Amino acid sequence: MTLVSKTPAPARGAQAPFVSAPATASSAPELQATAPARAFDPDQRRKGLWRMAVLGALAVVFAVLLLVYDNPMEVGSDGFWRILQMRATTVGTIVVVAFCQAVATVIFHTATGNRILTPSIMGFDALYRVIQTALVFVFGAGALAATDGLPKVLVQSAIMIGFATLLYGWLFSGRFANLHIMLLIGVVLGAGFGSLATFMQRLLTPSEFDVLTARLFGNMSNSNEAYLPWAALLCVVVGTLVWRKRHQFDVIALGRDTAVNLGLNHRAEVIKTLVIVAVLISVSTSMVGPMTFFGFIVATISYQISKSQKHAYVLPTAALLGVVTLLGSYFILRHVFYAAGLVTVIIELAGGLFFLIYLLRKGSL
Amino acid sequence: MIEVRGVHKAYSGKTVLGPVDATIPSGGITALVGPNGAGKSTMLTIIGRLLEADAGTVHVGGLDVRKADSRTLARTMSILRQENHFVTRLTVRQLVGFGRFPHSGGRLTKHDHEMVNQALEFLDLNDLADRFLDQLSGGQRQRAYVAMVLAQDTDYLLLDEPLNNLDMQHAVAMMKQLRRAADELGKTIVIVVHDINYAAAYADRIIALREGQVVHMGTPAEIMTSAVLSEVFSTNIKVLDSEPYPLAVYYR
Amino acid sequence: MTTISTTHRTAVAPLRKRALGRLALPAAVAVVVGLVVLSLNVGVYDLNEETFGSEMLWITRVPRTAALVLAGVAMAMCGLIMQMLTQNKFVEPSTVGTSEWAGLGLLVSFLVMPLASLTTRIIVASLFAFGGTMLFMAILRRVVLRTSLIVPLIGIMLSAVVGAFSTYVAMSTERLQMLGTWFMGSFTSVVRGRYEVLWIVAIIVVVIYIAADRFTVAGLGEEIATNVGLNYRRMMIIGTTLVALATGVTTVVVGFLPFLGLVVPNLVSMIRGDDLRSNIPWVCVGGAGLIIACDILGRVVRYPFEVPVAMILGLFGAAVFIVLLLRQRRVGV
């Protein structure tokens, strides 16, 4: 309040007017010296990086533990290596899944301007399920049974991307495109896709159904080894894309009006983001089945611990936190409670409770 | 110069604006006034390309707002609406920093930081720069948003009811700051204001709208007459010929 | 005062169509009766067969059709009350978690009391449904909402939480497969002796018919309700109890029936306007008709096998819901 009544200092603004030409250096020497430092806030930056480093180290520790802990075979023997290789697949699966869920949830939150919904609530996994089922339905089991090669991964990704673009493009078009309506339609479509997929599955022959089920629901201990490298490759490609867009995500998070004011094609960016989310979720779903709340926990905690809300910090923090959480809980559940099969279920449960508490504590939505 | 040609907007068949023609010359403050539902905000948001018109064209600084590259536009014109909700937790400085996005694409240069500092200074936000937006009062937040669009360093500034949420003291300070931005920085500022007296005291031009039509356009002296105002607002309004600017009285 | 004037205003539209309306309802009832007759005659077993024909009719066909009518009415009415109480058009048992809670209750009753009677299970399921719905209402009251569209979204997230818990319980007790079959709403297993509890629904309908206006007033909020002299809390609890009971019964007997409570009341109010009391018979008829039609479709589409009615409802309901939303989008929220 006192700020305004204080004699304003018009001098500086007047001396260095807002023109695009570089401001005269002499006008505000002391400001120039402090400005970049204050804006970057080295403390926050250091804290953020420090936390990422800790998370990274934890991830490595858990990964190594998972690989070598309690290997019944003699070190260096044939069996030892075979077990190691199998476990490496598990670790790889976990890393890919955690990355997909974490990144997808964060950018989904950003694009939809909310922090309580998760991609799977909007039926992204149902979308994957219905596309896979439709493939078998139309082309027979052969469409999926063929070994995973580059062409197949490309074709499937292309179908997924094409369909998601059409769907979200349509949902988000129109002069009254409204985010909440779109979300609700997405949710209902998700439920509809679920029904449709189940319905089509009922019409399949048992052998086709078998092939499909194997494709639709992997699990962590026994995921599709041949698909893993492709999934990882997809993650790298999508990850690079997302990283290059990190500043744009910061702007999208400010909402439509502000984003448009700042020169972003908001609608196109949101649609692109949703398509990216669809791809990430389909990778994750194909490996471990649907997950609703894992991404929610990871994203929510990341917003808290990454200090800065910039995507340059939030995204890596979320990805690392996801990997640590998933590796850690897998390790604990497998080697302490001998309940490896329950990993996703327990994580979902914990995430669900976390969501409930979060909702009850939150003041407004 | 802002040129509005044949702009028309309707919702479910009900016209809310237009067809409207208007030319707003460069420089100075232009105030859009009119009763509720007159189409002031609609016109402003169409000029600012946040809303698509059903027909007609808008040119700002020679750029067609529907066709020009959005980023180029963002370096020419900035628009601020009344409500700005988002979930990200930002400090004032970070928010103002976003004003530089059209220029730098998110990675702030030394020059960008300078512009941010100047904008903060201009709106007297230095002491609040590192506070989070959700820790501020409505009026302080309003100033932070204005600082953001100032940092955007555009020739044209469109503000939708910038005096909302502001008490008398802050409203006056805000108008003074906008006046300075127009005078010292040579900005072309278009604002929607509710209180006709603010328009009379600070604006160079007033555009009066009513039922989606531009009914009067002119200097405050031309608009501030009992006849014109009473027609625009459908209320009996007296204009006192006070110094240094006329005063509309309409309370009873 | 506001509430009274709005009631008057909304009541004007149906008045004009009253003459037409007098014929419309009997016509709709006739259509549903036709569907009932059709439903009685669809099936693998030939009813004209000499020895067991009429017996089979009474053992499976009649119970099944009666259960369909009752469950359809129950879920449609549930949707109607919930929409009144929350003043939100997108709310119904499956979008706020009531169904999931009832399902969890059923699961718990199987684990804790494997030998319990159907009635006990219904009571447990209804209690869970009641608790879950109250939780949802509590969240709605606590949270400041910027848009009414967020309400069903929160509800769906909540039901996902309960679903996750059910899955966990089922998985750790190795009952996951049962879970899928139970909750997929289907009338295949409805035979004599397993559906009669559904008649509770009839009582619920009567209560709602009597108290309809009060529910609407309660839905306008505690302050307005108190202002016109209504005990807000009591109406909320009565409403939630009715919903929980109806949902509990249907969940235990047939499973989840998604979207029914959403689609039917919305379609009725779209066609007839918002005059509550005169809409109630329409909601009942619509609910019964829709579910019978879906069930018949499910029985013939892969004859002689059956596709669960819930799946067809899911598809149809999703489609209608989206059309509703798009209409709202066109009008502009």
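Residues numbered from 1 in each chain as written. Chains lettered and ligands numbered in written order. Predicted model: local features only at pLDDT ≥ 70, side-chain atom pairs only at ≥ 80, totals over all residues.

### Details of the overall build of chain C
Using the following cut-off: Elements are defined by DSSP. Helices are runs of H or I of four residues or more, strands are runs of E of two residues or more, and each kind is numbered from the N terminus. Buried residues are those with 20 or more other C-beta atoms within 10 Å of their own C-beta, exposed residues have 12 or fewer, and partly exposed residues lie in between; C-beta atoms are placed from the backbone. By the convention adopted here, residues make contact when the C-beta atoms placed from their backbones lie within 7 Å.
The helix and strand tally for chain C stands at 14 helices and zero strands. Taken from the N to the C terminus, the helices and strands of chain C come in the order α-α-α-α-α-α-α-α-α-α-α-α-α-α. For chain C, buried positions account for 47% of its 333 residues. Contacts spanning at least 24 positions in sequence make up 79% of the contacts within chain C whose residues lie at least 6 apart.

### What about the pairing of strand 1 (residues 2–11) of chain B?
Side-chain positions along a regular strand alternate between the two faces of the sheet. All names here are of chain B. Spelled out, the test is: By definition, two strands form a pair when at least two bridges between them are found by DSSP.
As paired strands, strand 1 and strand 2 (residues 14–24) are joined by seven bridges and run antiparallel to one another. Bridging from a neighbouring strand, Ile2 pairs with Ile24 of strand 2. Between strand 1 and the antiparallel strand that follows it, strand 2, lie two residues; Ser12 among them carries a positive phi value of about 40°. Across five bridges, strand 1 lies against strand 4 (residues 55–60) in antiparallel orientation. Bridge pairing in strand 4 places Arg5 opposite Thr57.

### Side note on the sheet that holds strand 7 (residues 156–160) of chain B
Residues and elements named next belong to chain B. Going by this rule: Angles here are taken between N-to-C directions and fall from 0 to 180 degrees, while the axes themselves are lines fitted to C-alpha atoms, restricted in helices to the stretch in contact.
Pairing is mixed in the open sheet, where six strands are placed in the order 6-7-8-3-9-10. The outermost strands of the open sheet, each flanked by one partner alone, are strand 6 (77–80) and strand 10 (213–218). The mean inter-strand angle of the sheet, taken between neighbouring strand axes irrespective of direction, is 15°.

### Some remarks on helix 13 (residues 276–300) of chain C
We apply this condition: A helix is expected to reach a length of 1.5 Å times the quantity of its residues less one.
For helix 13 of chain C, spanning 25 residues, the distance from its first C-alpha to its last is 36 Å, which sits close to the expected 36 Å at 1.5 Å a residue. Taken across its 25 residues, helix 13 of chain C has 18 buried, putting it largely inside the fold.

### Observations regarding helix 5 (residues 110–122) of chain B
Residue and element names in this part refer to chain B. Between its terminal C-alpha atoms helix 5 stretches 18 Å, which fits the 18 Å expected from 13 residues at 1.5 Å a residue. The element helix 5 is extensively covered by neighbouring structure, given that eleven of its 13 residues are classed as buried. Taken together, the buried positions of helix 5 are occupied by Asp112, His113, Glu114, Met115, Val116, Asn117, Gln118, Ala119, Leu120, Glu121 and Phe122. Asp124 sits one or two residues past helix 5 and shows a positive phi near 60°.

### Describing unusual backbone geometry
Residues and elements named next belong to chain B. Of note, Asp124 is a non-glycine position whose phi angle comes to about 60°, a positive value. Mapped onto the elements of the fold, Asp124 is located in the loop between helix 5 and helix 6 (138–151). Phi is positive for Glu161, which is not a glycine, with a value near 50°. Inspection of the secondary structure puts Glu161 in the loop between strand 7 and helix 7 (168–185).

### Details of the packing of helix 6 (residues 124–139) of chain A against helix 14 (residues 266–288) of chain A
All names here are of chain A. Worth spelling out the cut-off: We call two directions roughly parallel when the angle between them is under 35 degrees, roughly antiparallel when it is over 145, roughly perpendicular when it lies between 65 and 115, and oblique otherwise. Each helix crossing is assigned a hand: it is left-handed if the near helix lies turned anticlockwise from the far helix by less than a right angle, otherwise right-handed if that turn is clockwise.
Closest axis-to-axis distance for the helix 6/helix 14 pair is 8 Å, and the angle between their directions is 70°. By the angle class used here, helix 6 and helix 14 are roughly perpendicular. In this structure, helix 6 meets helix 14 at a crossing whose hand is right-handed. Between helix 6 and helix 14, the residues in contact are Phe124, Asp125, Leu127 and Tyr128 and Val277, Ala278, Ile281, Ser282, Thr285 and Ser286, respectively.

### Focus: the environment of Met217 of chain B
Take Met217 of chain B: it is sitting in strand 10. For Met217 of chain B and Phe101 of chain B, which are 116 residues apart along the polypeptide, the C-alpha to C-alpha distance reads 35 Å.

### What to know about the confidence of the model for chain C
Predicted coordinates in areas of low pLDDT are best not read in detail. All names here are of chain C. We apply this condition: For every residue, the predictor assigns a confidence score, pLDDT, that lies between 0 and 100.
Confidence along chain C averages 77 in pLDDT terms, with 78% of residues attaining 70 or more. The secondary-structure element of chain C with the lowest mean pLDDT is helix 1 (residues 2–16), recorded at 43, while helix 5 (residues 98–112) shows the highest, at 87. The low-confidence segment residues 1–14 (pLDDT under 50) makes 14 contacts with residues lying over four places distant or belonging to another chain. The ipTM for the predicted assembly is 0.85, set against a pTM of 0.81.

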